[in-house]
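# What the coordinates show
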Amino acid sequence: MGEHEAVAGGIYQVGGSDLSDPYDASVFVITCGQDLVMIDCGAGKAPGAIVENIKEAGLDPQRITTLVLTHCHVDHIGSVSYFKEKYNCTVVAHDLDADAIESGDPTLTAARLYNTKLPSTTVDRRLKGDQEIIACGTDVLHCIHTPGHTPGSISVYIDRQGSRILFGQDIHGPFTREFKSDISQWRDSMNKLLELKADILCEGHFGIYKPKERVERYIKGYLGQHLSDFL
Ligand SMILES: [Zn+2]
Ligand SMILES: [Zn+2]
């Protein structure tokens, strides 16, 4: 399996800057019974490479039923219309980032920064609560609203085989007025994530952190860097 070695039982990294395209943030696939749930989908330049990686991990991309978008930035969501059209999957995002995703807002999605355009897409399920659940087969994916980097940023976790696996993309920031970032909200969000005591953190750009102590150190390290509420 080489580079597509499982992060944990039935969970694979299938996209990222050195796995699919230099612009891609990390893309993960979670097997839930017969279904596959994708966490983010890359910047939109090389969705075919992600599909190939899914196949190389021994999975059939036709099984993708759900695509969870962690926030509205193009390096995480650029291929959303590709996957939605090709596999007819349900696109899930937080309500507070969903309008930017649907309209492809060039500033809020950072498409302008990446010198690209985002095709318009519909978000099928808008998460509105502080914490919501995606039921998938016998598995439960917990989606936690973790605003800060963007207003509608979410983090996702799943408990599997005695481990808690947390998908926390861009929890490190950056924080800008253009993104409507909020450091004070972000600090509360990071404290929520620390309470989860996750064993494995699948980060958006820097890879996979484990064990538990290293995950905690990673989050606390960023908390220590942003002591002021001002951007
Ligand atoms: Zn981002
Ligand atoms: Zn990012």
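Look up a bit, the structure's there.
Quick caveat, the model's predicted, so the values are computed rather than measured.

### A short note on the sheet that holds strand β12 (residues 200-203)
With mixed pairing, the six strands of this open sheet are ordered in space as β8-β9-β10-β11-β12-β13. Bordering the open sheet on either side are β8 (131-136) and β13 (208-209), each of which pairs with just one other strand. Pairing geometry for strand β11 (residues 163-168) and β12, over four bridges, is parallel. Directly across from Phe167, in β12, lies its bridge partner Cys202.

### Regarding the coordination of the zinc ion (ligand 2)
On the protein side, the zinc ion (ligand 2) has Asp75 (OD), His76 (NE2), Asp170 (OD), Asp170 (OD) and His205 (NE2) as donor atoms, found 2.1 to 2.6 Å from it. Coordination of the zinc ion (ligand 2) draws on donor residues from a single chain, spaced D-H-x93-D-x34-H in sequence. Metal-to-metal, the separation of the zinc ion (ligand 2) and the zinc ion (ligand 1) is 3.6 Å; Asp170 coordinates the two. Of the two residues, Asp75 sits in helix α2 (residues 74-77) while His205 sits in the loop between β12 and β13, which places them 130 residues apart along the sequence. Here Asp75 falls in the buried class, since its relative accessible area comes to 3%.

### Some words on the environment of Arg63
Relative to the assigned elements, Arg63 resides in the loop between α1 (47-56) and β5 (64-68). Polar side-chain contacts of Arg63 include one of 3.3 Å to the backbone oxygen of Gly33.

Cut-offs and rules
Residues numbered from 1 in each chain as written. Chains lettered and ligands numbered in written order. Predicted model: local features only at pLDDT ≥ 70, side-chain atom pairs only at ≥ 80, totals over all residues. Heavy atoms only, no water. Pairing = 2+ DSSP bridges. Helix = DSSP H or I, 4+ residues; strand = E, 2+ residues; numbered from the N terminus. Donors = N, O, S within 2.8 Å, 3.2 Å for Na, K, Ca; no water. Buried < 20%, exposed > 50% of the residue type's maximum accessible area, 1.4 Å probe, protein only. Polar contact = N/O pair within 3.5 Å; in protein donor to acceptor, adjacent residues only side chain to side chain.

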